[in-house]
Amino acid sequence: MKKSKDRVQRPETEKINAAEMVAAYDELDQLREQYPDIASEVNPQYNKKTVMERLLGFYTAMRERFHKETVVQRKVYLWLHLLGMFGVHHFYARHWVKGVIYLAVCWSGISIGMTLIDWMAAFPKAADENGRIVV
């Protein structure tokens, strides 16, 4: 067997069995659980996954802490989605930070997609007897 760049290369005539491959992956996962610091140093992609998980956890924690649900008129809120590219529906719902973000990225078209998602989330909500929904 030849060694290059700290990896063992098998001769072309030797084939890997599928069961051996599964066992090797299981062993690798066990080693990653035992030594998480080394796994992130050896494979930077492994470290990116944990960073994304941390960011997502931080986002959800901040959203739970600062997001306040507001009551708005359903018809007005749905009609304001026509100007949602500029964040008008978020300003109406008193979500100032989201409105400013939509306004800041309105030139890129990203806010159009985000507005469509907001509309799809608000449309199926049933209004109460006064025609209001919670956003």
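Every value quoted in this text rests on a predicted model; they were computed, and no experiment measured them. (Residues numbered from 1 in each chain as written. Predicted model: local features only at pLDDT ≥ 70, side-chain atom pairs only at ≥ 80, totals over all residues. Heavy atoms only, no water.)

What's the story with helix α7 (residues 110-122) in this structure? I'm lost.
Side chains of residues three or four places apart in an α-helix project in the same direction, reflecting 3.6 residues per turn. Helix length check: α7, at 13 residues, gives a terminal C-alpha distance of 19 Å against a target of 18 Å (1.5 Å per residue), a fit within 8%. Restricting attention to buried positions, one finds in α7 the residues Ser 111, Thr 115, Asp 118 and Ala 122. Down the axis, α7 shows its buried residues gathered within 60° of arc, on one side only. Residues of α7 that are exposed and point over 90 degrees away from its buried face: Ile 110 and Ile 117. Its buried side turned inward, α7 meets α4 (74-79), α5 (88-92), α6 (96-104) and β4 (132-134). (Helix = DSSP H or I, 4+ residues; strand = E, 2+ residues; numbered from the N terminus. Expected span 1.5 Å × (residues − 1). Buried < 20%, exposed > 50% of the residue type's maximum accessible area, 1.4 Å probe, protein only. Arc of directions from axis to C-beta. Contact = heavy atoms within 4.5 Å.)

For this particular structure, what's the right way to read the side chain of His 89?
Along the chain, the position of His 89 falls in helix α5. For His 89, a relative accessible area of 0% puts it in the buried group. One polar contact links His 89 to His 90, side chain to side chain, over a distance of 3.3 Å. Here the side chain of His 89 touches Asp 118 through a polar contact of 3.0 Å, side chain to side chain. In this view, His 89 contacts Tyr 77, Leu 80, His 81, Gly 84, Tyr 102, Thr 115 and Asp 118; residues no more than four positions away in its chain are not counted. (Polar contact = N/O pair within 3.5 Å; in protein donor to acceptor, adjacent residues only side chain to side chain.)

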